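# Results of the structural survey
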Amino acid sequence: MTGFGVTEAAIGFALMLAMLFAGLHVGVAMAAVALLGADLYLGAPVINALGTQLWGATDSFTLLAVPLFVLLGELLVKGGATDRMYKALAAWLGPLPGGLLHTNIGACALFAAVSGSSVATAATIGTVAMPTFANRRYDQRLVLGTIAAGATLGILIPPSINMIIYGAMTNTSVGRLYAAGVVPGLLLTGMFMGLIAVLCLWRPALAGESEPRLPLGARIRALRGLAAPVGLFVAVMGSIYAGWATPTESAAVGVVAAFLLSFCYGRFKVSMLHACFETTVTVSSMILLIVAAAFYLNFVLGILGVPQALSAFVTSLEVGPIGILFVLFVFYLVLGCFLETLSMMVGTIPIVFPIVVALGIDPVWFGIFLVVMCEIALITPPVGMNLYVVQGVRTSGTVGEVIQGTLPFLGIMVLLVLLLIAFPGIALWLPGLAFD
């Protein structure tokens, strides 16, 4: 174990990034680097501990929430709740400057509040929204941008699969992370809608003709379409904040409620259920493989003393927390251009989190900061996942048009990061209120 320090840790991290850029699966890349480090510096006992570590990582009550939230999102999509939700929001948001563009953001935020996945939000809202704009004279790039950017809210507004993984890897309360994501999520939703209003007031042609205002009675009746997602959000998040259930137990409650909704909407079929289970198994297996490999990498790095070495190195630099945060902001901004978000988050936590702890930065606040950086990566070319999901739903044109549409929203997200750094209370106020 002698001779291992910051330089060796940097070489290992660069090797892992090289494997990822070469197309190797992130779980395999992390496990390979961990095994190489164990072989060079620690020997057979640590290598033989691989199986035990993989089992211990996945035998987690907290991580059980991951497949449950994936299944919840699938049931909502295939159960017909999202169609009704979009129409209800359109009735209320359509008359605003920007018209149905606001509906895209609102629908993304509301679906995010029950699904926990940005990619699922982009695919779902894109599928529902695209036909609505077919015969309307909206700027196509802005339409695409609102869906791709709005869908990033899927991992910020709780429940969030990324927050569950971050909490499991850093031993941070998932309930506090969920509470911390509420205000930034609502703030970002409002900032997106404010940007749309400003753009469309400045250039009315972007939104075409204004949407007709429905009679009040019709708008009130349309609210029935919001009952399902709002009720699910209250049931899932309310049970956590009230202390009645853990995030995993609340996810199970949401799944049961989604089953009942599919029955009520007449969408329940054995084939639908099979498709939901199939997608859940595929997505959950991919996520948990990455998490298990990350836990083993954490185990090896801990024995090698990497957290202590990094902490000592950062202390020797005499750079304050704000300076390090701006360095991490640039680091994640660049990394997000080349890596998928889950890979970026899980692959860097073992290296970055010890630095954060050494500087006295609140782990809950940093979790929100990291999730927002993952959001930015979702719409950052050339590998921003949401860009290609929206383009895939669209089936025509080029992904360049999607990228152009997201650029104004990218600037808003960078502004949110700066606000979080300047005013940490944006993320920390609600957790303190709910749990302290």
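Residues numbered from 1 in each chain as written. Predicted model: local features only at pLDDT ≥ 70, side-chain atom pairs only at ≥ 80, totals over all residues. Heavy atoms only, no water.

### A closer look at the packing of aromatic side chains
- As enumerated under the stated definition, the model contains nine aromatic pairs in all.
- Between the aromatic rings of Tyr 166 and Phe 353, the centroid separation amounts to 6.2 Å while the plane-to-plane angle is 80°, which identifies the pairing as edge-to-face. In this pair, Tyr 166 is assigned in helix H10 (residues 161–170) and Phe 353 in helix H18 (residues 341–358), connecting sequence segments 187 residues apart.
- For Phe 353, a relative accessible area of 14% corresponds to the buried category.
- Consider the rings of Trp 365 and Phe 369, whose centres lie 5.5 Å apart with planes at 15°: the pair is stacked. Linking Trp 365 with Phe 369, this pair stays in helix H19 (residues 363–378), spanning four residues, or about one helical turn.
- Through successive ring pairs, a cluster of aromatic residues spans Phe 13, Phe 331 and Tyr 332.
- A cation over an aromatic ring shows up here: Arg 219 above the ring of Trp 92, its NZ or CZ 5.0 Å from the ring centre. (Phe/Tyr/Trp six-rings, centres within 6.5 Å; stacked < 30°, edge-to-face > 60°. Helix = DSSP H or I, 4+ residues; strand = E, 2+ residues; numbered from the N terminus. Buried < 20%, exposed > 50% of the residue type's maximum accessible area, 1.4 Å probe, protein only. Lys NZ or Arg CZ within 6 Å of the ring centre and 35° of its normal.)

### A word on the pattern of salt bridges
- A full pass over the atoms with the stated rule returns three salt bridges.
- Note that Arg 141 is salt-bridged to Asp 139, the shortest N-O span being 3.5 Å.
- On the basis of relative accessible area, Arg 141 is assigned to the partly exposed category, the value being 37%. (Salt bridge = Lys/Arg side-chain N within 4 Å of Asp/Glu carboxyl O.)

### Thoughts on the environment of Ile 147
- Along the chain, the position of Ile 147 falls in helix H9 (residues 140–151).
- For Ile 147, a relative accessible area of 0% translates into the label buried.
- The sequence separation of Ile 147 and Thr 121 amounts to 26 residues, and the corresponding C-alpha distance is 8.7 Å.
- Aside from chain neighbours lying at most four places away, what touches Ile 147 is Asn 104, Cys 108, Ala 122, Gly 126, Ala 129, Met 130 and Val 390. (Contact = heavy atoms within 4.5 Å.)

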